[in-house]
Amino acid sequence: MIELTNVSKIYEGSLKAVDDISFTVEEGEIFGLIGTSGCGKTTTLKMINRLEELTSGQIFIDGYSVFDRPPEQLRRRIGYVIQNVGLFPHYSVKENIAVTPKLLDWDPRRINERCDDLLQLVGMPPVEFADRDPQALSGGQQQRVGLARALAADPPIILMDEPFGALDPITKERVQKEFKKLLQGIDKTIVLVTHDVFEAFDLCDRVGLMNNGKLQQVGTPRELLFQPADEYARSFFDNHRFQLEMMSITVGDILEVIKESSALRSFSAGEGNGFSIYHSDSFFSVFEDSDPGERLIVLNEEEEQVAVITPNELLEGFQQVRRMLKEGTDD
Ligand SMILES: Nc1ncnc2c1ncn2[C@@H]1O[C@H](COP(=O)(O)OP(=O)(O)OP(=O)(O)O)[C@@H](O)[C@H]1O
Ligand SMILES: [Mg+2]
């Protein structure tokens, strides 16, 4: 768990880059920091692993102040991924990934195995990539090596600063998807800084919206969207509001409101194409991929069938949920 209390940062001769912010990131949570350029996101991140020292306030990790340990020791428990990756050019891919395990004096065999596993995990077969120079990789591949390096010593915490920022839109989408899948298999506490509201909504459990060094609002993506704390929070999402709503309302939410309707029935083979979706899927991800003639078979986490609905019924349900959530905010 990461806990910031009344944290401020004043750079020499400058205004407050970070102005009295407090938030908590629970264990296993992915916490996003979003906001316009210069609002203090990177500074906030760097204070957590003490690449920047705070001017005032406190930061605790698992109950201990970050000042209780030497920064090097702190950083071994905290993976760090930055936008321009920062791979060491004179090291091979494998040597880059091995940096922290070596510092920790792991057995060479264990390091080898770990590197191979991680390369596999990020979709870069070791036989092909382990011995390459970072310069001989595409931007997306470098980014994935950066991610593998951050995961190498299995740190419980990972800080990520615009980790997908340098990628073209198509590669970005693919790497984000892989990343999301990868996260399902590992239990990490993550702070993710991003400009990209879609990325934040897609990947984060909760999001902090920053403005001019201040934390304007903290909440789930849905809370930020439907219960904006102020005019700034309201206007921040306006350009993409509808798409974000589609991303933050799940199939499960929709089933809640159409529970009583006749839409729910079981699926029989004579009905045409059935297509399995999950309770936790966003409306957007399902609707995007479905044809009007299909039956959507909704599964819960235990893979049990809980409902069958058509894309049209799903759309109507979505509109209902949306209306309800909006009504909740108007008064
Ligand atoms: N080393 C520094 N010395 C002085 N001022 C700095 C320093 N680093 C950042 N700043 C200033 O602090 C403020 C916050 O910077 P920060 O890098 O945290 O913003 P950011 O939200 O990460 O922006 P971006 O989205 O552009 O990366 C900015 O006004 C910036 O100019
Ligand atoms: Mg930044």
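Please refer to the structure placed before this passage.
## Examining the overall build of the protein chain
Here is step 1 of the chain: Counting its secondary structure elements, the protein chain contains 15 helices and 13 strands.
Here is step 2 of the chain: For the protein chain, whose C-alpha radius of gyration is 22 Å, the value lies close to the compact-globule estimate of 20 Å for 331 residues.
Here is step 3 of the chain: With respect to the three principal axes, the spread of C-alpha positions in the protein chain is 60 × 50 × 35 Å.
Here is step 4 of the chain: Per-residue burial for the protein chain yields a buried fraction of 47% across its 331 residues.
Here is step 5 of the chain: Approximately 16300 Å² of the protein chain is accessible, and the part contributed by carbon and sulfur atoms is 47%.

## Some details on the packing of aromatic side chains
Here is step 1 of the chain: All chains considered together, the criterion is met by eight aromatic pairs.
Here is step 2 of the chain: For the pair Phe88 and Tyr91, a centre-to-centre distance of 5.5 Å together with 70° between the ring planes defines the contact as edge-to-face.
Here is step 3 of the chain: We classify Tyr91 as partly exposed; its relative accessible area is 32%.
Here is step 4 of the chain: Linked through ring pairs, Phe201, Tyr232, Phe236 and Phe237 together constitute an aromatic cluster.
Here is step 5 of the chain: A cation over an aromatic ring shows up here: Arg69 above the ring of Tyr64, its NZ or CZ 5.3 Å from the ring centre.
Here is step 6 of the chain: The lysine or arginine in question, Arg149, covers the ring of Phe88, its NZ or CZ lying 5.2 Å from the ring centre.

## Notes on the nonpolar core
Here is step 1 of the chain: Counting residues in each nonpolar core, the largest one holds 65 residues, and the members touching the most others are Ile97 and Phe237.
Here is step 2 of the chain: Top contributing element to this core by residue count: helix 7 (residues 139-151), with five residues.
Here is step 3 of the chain: Filtering out sequence-adjacent residues up to four positions away, Phe237 remains in contact with Ile34, Val197, Phe201, Leu209, Leu224, Leu225 and Leu244.
Here is step 4 of the chain: Ranked by size, the runner-up nonpolar core spans 25 residues in total, among them Val25, Phe31, Leu33 and Met210.

## Focus: the sheet that holds strand 13 (residues 305-309)
Here is step 1 of the chain: In space, the three strands of this open sheet follow the order 11-12-13, with mixed pairing throughout. Each edge of the open sheet carries a strand with a single partner, namely strand 11 (274-278) and strand 13. For this sheet the average axis-to-axis angle between neighbouring strands, irrespective of direction, equals 30°.
Here is step 2 of the chain: In terms of strand pairing, strand 11 meets strand 12 (residues 295-299) through five bridges, oriented parallel. Paired with Ser276 across the bridge in strand 12 is Ile297.

## Focus: the packing of helix 7 against helix 8 (residues 169-184)
Here is step 1 of the chain: Look at helix 7 against helix 8: their axes get within 11 Å of each other, and the N-to-C directions meet at 20°. Considered as vectors, helix 7 and helix 8 are oriented roughly parallel to each other. The interaxial crossing formed by helix 7 with helix 8 has right-handed handedness. Where helix 7 abuts helix 8, its residues Gly140, Arg144, Leu147 and Leu151 lie against Thr171, Arg174, Val175, Glu178, Phe179 and Leu182.

## Considerations on the environment of Ser282
Here is step 1 of the chain: Its location among the elements puts Ser282 in the loop between strand 11 and helix 14 (283-289).
Here is step 2 of the chain: We classify Ser282 as buried; its relative accessible area is 14%.
Here is step 3 of the chain: A sequence separation of 33 residues divides Ser282 from Ile249, and the C-alpha atoms of the two residues are 5.7 Å apart.
Here is step 4 of the chain: Excluding residues that lie within four positions of it along the chain, Ser282 makes contacts with Met246, Met247, Ile249 and Thr250.

## Quick notes on unusual backbone geometry
Here is step 1 of the chain: The phi torsion at Asp62 lies on the positive side, around 50°, for a residue other than glycine.
Here is step 2 of the chain: In this structure, Asp62 sits in the loop between strand 4 (56-61) and strand 5 (64-65).
Here is step 3 of the chain: Judged by its relative accessible area of 35%, Asp62 is partly exposed.

## Section: the site of ligand 1
Here is step 1 of the chain: Every residue lining ligand 1 is accounted for by Tyr11, Ala17, Ser37, Gly38, Cys39, Gly40, Lys41, Thr42, Thr43 and His195.
Here is step 2 of the chain: For ligand 1, an oxygen atom lies 2.5 Å from a polar atom in the side chain of Thr43.
Here is step 3 of the chain: Calculation on ligand 1 without its partners gives an accessible area of 640 Å², and the protein chains cover 58% of this total.
Here is step 4 of the chain: Split into classes, the residues belonging to the shell around ligand 1 amount to three nonpolar, six polar and one charged.

## Remarks on the state of the cysteines
Here is step 1 of the chain: Taken as a whole and assessed by the stated rule, the structure comprises zero disulfides.
Here is step 2 of the chain: Cys39 carries a free sulfur, and the closest cysteine sulfur to it, the one in Cys204, is 14 Å from it.
Here is step 3 of the chain: What makes Cys39 buried here is its relative accessible area of 1%.

## Let's talk about the pairing of strand 10 (residues 214-219)
Here is step 1 of the chain: The pairing of strand 9 (residues 206-211) with strand 10 spans five bridges and is classified as antiparallel. Note that in strand 10 the partner of Met210 across the bridge is Leu215.
Here is step 2 of the chain: As consecutive antiparallel partners, strand 9 and strand 10 are separated by two residues, and within that stretch Asn212 has a phi angle of approximately 50°, a positive value.

Cut-off values and rules
- Counting restarts for each chain, with residues numbered from 1 along the sequence as it is written.
- Naming scheme: in the order in which they are written, chains are lettered from A and ligands are numbered from 1.
- Under the rules for a predicted model, residues below a pLDDT of 70 receive no local features and side-chain atom pairs below 80 are neither given nor counted, while totals for whole chains, interfaces and linings still include all residues.
- To obtain the side-chain values, all non-hydrogen atoms of the structure were included, while hydrogens and water were left out.
- Each helix corresponds to a stretch of at least 4 residues labelled H or I by DSSP, and each strand to a stretch of at least 2 residues labelled E; elements are numbered beginning at the N terminus.
- Each radius of gyration is computed over the set of C-alpha atoms, and the globule rule expresses the reference value as 2.2 Å times the number of residues to the power 0.38.
- When a residue's accessible area, from a 1.4 Å probe over protein chains only, is under 20% of the maximum for its type it is buried; when over 50% it is exposed; and in between it is partly exposed.
- For the accessible areas, the method is Shrake-Rupley and the probe is 1.4 Å, while residue cover comes only from the protein chains on display.
- Centres within 6.5 Å are what make two rings of Phe, Tyr or Trp a pair, Trp counting through its six-membered ring; a difference in plane orientation under 30 degrees is then read as stacked, over 60 as edge-to-face, and the rest as tilted.
- Charge-over-ring placement is defined geometrically: NZ (Lys) or CZ (Arg) within 6 Å of the ring centre, and within 35 degrees of the ring normal.
- As used in this record, nonpolar core signifies buried Ala, Val, Leu, Ile, Met, Phe, Trp, Tyr and Cys residues forming a set joined through side-chain atoms within 4.5 Å.
- When checking whether two residues touch, look at their non-hydrogen atoms; a contact exists if any pair is within 4.5 Å.
- Here, any two strands with at least 2 DSSP bridges between them count as paired.
- In this analysis an axis means a line fitted to C-alpha atoms, helices contributing only their contacting stretch, and an angle means the value between N-to-C directions, from 0 to 180 degrees.
- Note on angle classes: values under 35 degrees are labelled roughly parallel, values over 145 roughly antiparallel, values of 65 to 115 roughly perpendicular, and the remainder oblique.
- With the far helix as reference, a near helix turned anticlockwise by less than a right angle produces a left-handed crossing, and one turned clockwise produces a right-handed crossing.
- Proximity is defined per residue: if any heavy atom of the residue lies within 4 Å of a molecule or strand, that residue is considered near it.
- Counting of polar contacts relies on pairs of N or O atoms within 3.5 Å, with two restrictions inside protein: one atom must be capable of donating a hydrogen and the other of accepting it, and residues adjacent in sequence are counted only when both atoms are side-chain atoms.
- Residues are sorted three ways: Asp, Glu, Lys and Arg are charged, Ala, Val, Leu, Ile, Met, Phe, Trp, Tyr, Cys and Pro are nonpolar, and all the rest, Gly among them, are polar.
- Disulfide: a pair of cysteine sulfur atoms within 2.5 Å of each other.

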